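Below, each chain spelled out in residue letters.
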Amino acid sequence: MASLHMSLSSLSGPTFRPTRKLIIQCSADRQALFNRIAPVYDNLNDLLSLGQHRIWKRMAVSWSGAKEGDNVLDVCCGSGDLTFLFSERVGPRGKAVGFDFSKEQLLIASTRQKLRSNTCYKNIKWMEGNACDLPFPDSSFDAVTIGYGLRNVVDRHKAMAEICRVLKPGSTVSVLDFNKSINPLSTTIQEMMIDNIVVPVASGYGLEDEYKYLKSSIKDFLTGNELEKLALEVGFSTAKHFEIGFGFMGNLVAIR
Ligand SMILES: C/C(=C\Cc1cc(O)c2ccccc2c1O)CCC[C@H](C)CCC[C@H](C)CCCC(C)C
Ligand SMILES: C[S@@+](CC[C@H](N)C(=O)[O-])C[C@H]1O[C@@H](n2cnc3c(N)ncnc32)[C@H](O)[C@@H]1O
């Protein structure tokens, strides 16, 4: 449950207006957040990244090494952007699973699938569940992506360990997310863009608090080096983090 945080500074006079600060700390909070933003998520991503996020997602899928006929998994699939790219890459002989714990995001994903005439998307299966407890046997997949998901998972170590477990030996996970830069200037510009463009635009949709979460979630995320270390800790044999999108985004490529 989102917690209501009363600020003493807001107590004044016979009535007071509590300062509402949405605290997004547990899975249920995050699940509710992504259910709430689902109806506008895709459009705001296109608007706020000037469509660039589609390029970053194509890069992530390309780095996964997925090929024709493969069995692939998109963890934290949301509205399915990466799942659809996976589906196109593995083709009708392959299988693509889109996995998420948000019912509303999965509803958007399956609706988008129905609206697309391309028969290749018939190779997609949508599944609801938690990234920290993947319902698949060991060594099930030839490639895995997790796009803008790991930062939002409460137990990132468990999620990465689960991804390693379900990947076939020698196969790749591609982890796309915001970049927690070690360059103070890059961090300042990234935060200024979120504060002065992203959040004001989102507030026009009544989602100010939800998009304010972006900044704190990036601050609490792992740097590229820390992501590489995490991957090796959970059992990947190699891990490399690349900064993309003018340093605002990053992609970890790890091989099991
Ligand atoms: C696809 C993108 C973000 C997905 C996303 C991830 C989250 O964890 C969220 C959490 C809460 C609300 C929304 C999201 C969410 O949408 C990346 C692009 C969309 C971003 C919202 C825009 C970020 C702007 C960058 C800071 C600067 C972009 C520069 C570009 C070259 C114009
Ligand atoms: C920012 S969206 C990313 C969606 C999509 N991958 C994309 O790139 O646009 C993050 C997604 O992660 C999902 N998510 C967060 N924590 C999760 C968890 N523990 N298990 C499953 N899904 C989770 C949310 O429901 C949401 O759909």
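- Where an unreviewed UniProt entry is consulted, the protein appears under the name 2-phytyl-1,4-beta-naphthoquinone methyltransferase, chloroplastic, with the organism given as Anisodus tanguticus.
- According to its UniProt record, the protein has this under Function (unreviewed entry): "Involved in the biosynthesis of phylloquinone (vitamin K1). Methyltransferase required for the conversion of 2-phytyl-1,4-beta-naphthoquinol to phylloquinol."

### Some thoughts on the site of ligand 2
Right, on to step 1. The environment of ligand 2 is made up of 18 residues, and the closest members are Tyr41, Cys76, Asp100, Ala131 and Gly147.
Right, on to step 2. Residue alanine 131 places a main-chain N or O atom 2.9 Å away from a nitrogen atom belonging to ligand 2.
Right, on to step 3. For ligand 2, whose accessible area on its own is 600 Å², the fraction buried by protein is 98%.
Right, on to step 4. Of the residues in the shell around ligand 2, the class split is nine nonpolar, seven polar and two charged.

### Looking at the site of ligand 1
Right, on to step 1. In the neighbourhood of ligand 1, 20 residues make up the surrounding shell, with Tyr41, Asn45, Arg151, Asn152 and Tyr211 lying closest.
Right, on to step 2. For ligand 1, an oxygen atom lies 2.8 Å from a polar atom in the side chain of arginine 151.
Right, on to step 3. For ligand 1, an oxygen atom lies 3.0 Å from a polar atom in the side chain of asparagine 152.
Right, on to step 4. Within the complex, 96% of the 750 Å² of free accessible area of ligand 1 lies under protein.
Right, on to step 5. Of all the secondary-structure elements, those providing two or more residues to the shell around ligand 1 are helix 1 (27-48) and helix 7 (208-219).
Right, on to step 6. Its residues placed into classes, the shell around ligand 1 shows 14 nonpolar, four polar and two charged.

### Here's the deal with the sheet that holds strand 5 (residues 167-178)
Right, on to step 1. One open sheet accounts for seven strands, arranged 3-2-1-4-5-7-6; its pairing is mixed. Only two strands of the sheet have a single partner each, and these edge strands are strand 3 (124-128) and strand 6 (238-244). Direction aside, the axes of adjacent strands within the sheet are offset by 15° on average.
Right, on to step 2. As defined by bridge partners, strand 1 (residues 71-75) adjoins strand 4 (residues 141-147) across four bridges and the pair is classed as parallel.

### Looking at a nonpolar patch on the surface
Right, on to step 1. A cluster of nonpolar residues, Leu185, Ile189, Met193 and Ile197, forms a patch on the protein surface that exposes about 350 Å² of accessible area.
Right, on to step 2. Its place among the elements puts methionine 193 in helix 6 (residues 184-203).
Right, on to step 3. Note on methionine 193: relative accessible area 37%, which makes it partly exposed.

### What to know about the packing of aromatic side chains
Right, on to step 1. Counting across every chain of the model gives six aromatic pairs.
Right, on to step 2. With a centroid separation of 5.2 Å and an interplanar angle of 80°, the aromatic rings of phenylalanine 84 and tyrosine 121 are classed as edge-to-face. Residue phenylalanine 84 is found in helix 3 (residues 81-90), and its partner tyrosine 121 is found in the loop between helix 4 (103-115) and strand 3; the two are separated by 37 residues along the sequence.
Right, on to step 3. For phenylalanine 84, a relative accessible area of 2% corresponds to the buried category.
Right, on to step 4. Judged by centre distance (5.6 Å) and plane angle (70°), the ring pair of phenylalanine 84 and tryptophan 126 falls under edge-to-face.

### Observations concerning unusual backbone geometry
Across the chain, the bulk of peptide bonds are trans and the bulk of non-glycine residues have phi less than zero.
Right, on to step 1. Of note in this structure, tyrosine 148 is not a glycine but carries a positive phi near 55°.
Right, on to step 2. Relative to the helices and strands, tyrosine 148 resides in the loop between strand 4 and helix 5 (156-166).
Right, on to step 3. The class of tyrosine 148 is buried, set by a relative accessible area of 14%.
Right, on to step 4. Phi is positive for phenylalanine 246, close to 60°, though the residue is something other than glycine.

### Remarks on the nonpolar core
Right, on to step 1. Counting 41 residues, the largest nonpolar core has Ile37, Val72, Phe86, Trp126, Tyr211 and Met249 as its most contacted members.
Right, on to step 2. Elements with a minimum of two residues in this core: helix 1, helix 2 (52-63), helix 3, helix 4, strand 3, strand 5, helix 6 and helix 7.
Right, on to step 3. Here the element with the most residues in this core is helix 1; it accounts for six residues.
Right, on to step 4. Contact partners of valine 72, with chain neighbours within four places excluded, come to Ala66, Phe86, Val90, Lys95, Ala96, Val97, Phe141 and Ala143.

Analysis parameters
Numbering of residues starts from 1 in every chain and runs along the sequence as written. To read the labels, note that chains go from A and ligands from 1, taken in the order they are written. Confidence filtering applies because this is a predicted model: local features only for residues at pLDDT of at least 70, side-chain atom pairs given and counted only at 80 or more, and all residues used for totals across whole chains, interfaces and linings. Side-chain numbers here rest on the full set of heavy atoms in the structure, without hydrogens or water. UniProt positions are given in the numbering used here, feature names are shortened, and annotations may be inferred rather than shown by experiment. Being near a molecule or strand, for a residue, comes down to having at least one heavy atom within 4 Å of it. A 3.5 Å cut-off defines polar contacts: any pair of N or O atoms within that distance qualifies, except that in protein one atom must be a possible hydrogen donor and the other a possible acceptor, and neighbouring residues in sequence count only when both atoms are side-chain atoms. The accessible surface values rely on the Shrake-Rupley method and a 1.4 Å probe; as for residues, cover is taken only from the protein chains in view. The nonpolar class holds Ala, Val, Leu, Ile, Met, Phe, Trp, Tyr, Cys and Pro. Asp, Glu, Lys and Arg form the charged class, and all remaining residues, Gly among them, are polar. Secondary structure follows DSSP: runs of H or I at least 4 residues long count as helices, runs of E at least 2 residues long count as strands, and numbering of each begins at the N terminus. Paired strands are those between which DSSP finds at least two bridges. To get an axis, fit a line to the C-alpha atoms, keeping to the stretch in contact for a helix; angles then go from 0 to 180 degrees between the N-to-C directions. Put simply, a patch holds well-exposed residues, over 30% relative accessible area, that have no salt bridge, with like charges counted together within 9 Å and Val, Leu, Ile, Met, Phe, Trp or Tyr side chains within 5 Å. A carboxyl oxygen of Asp or Glu within 4 Å of a side-chain nitrogen of Lys or Arg is what we treat as a salt bridge. For each residue, the accessible area found with a 1.4 Å probe, counting protein chains only, is set against the maximum for its type, and the residue is called buried under 20%, exposed over 50%, and partly exposed in between. Between rings of Phe, Tyr and Trp, where Trp is taken as its six-membered ring, a pair exists when centres lie within 6.5 Å; planes separated by under 30 degrees are stacked, by over 60 edge-to-face, and by other angles tilted. Here, the term nonpolar core denotes a set of buried Ala, Val, Leu, Ile, Met, Phe, Trp, Tyr and Cys residues that are joined through side-chain atoms within 4.5 Å. Only heavy atoms enter the contact rule, under which two residues are in contact if any of them lie within 4.5 Å.

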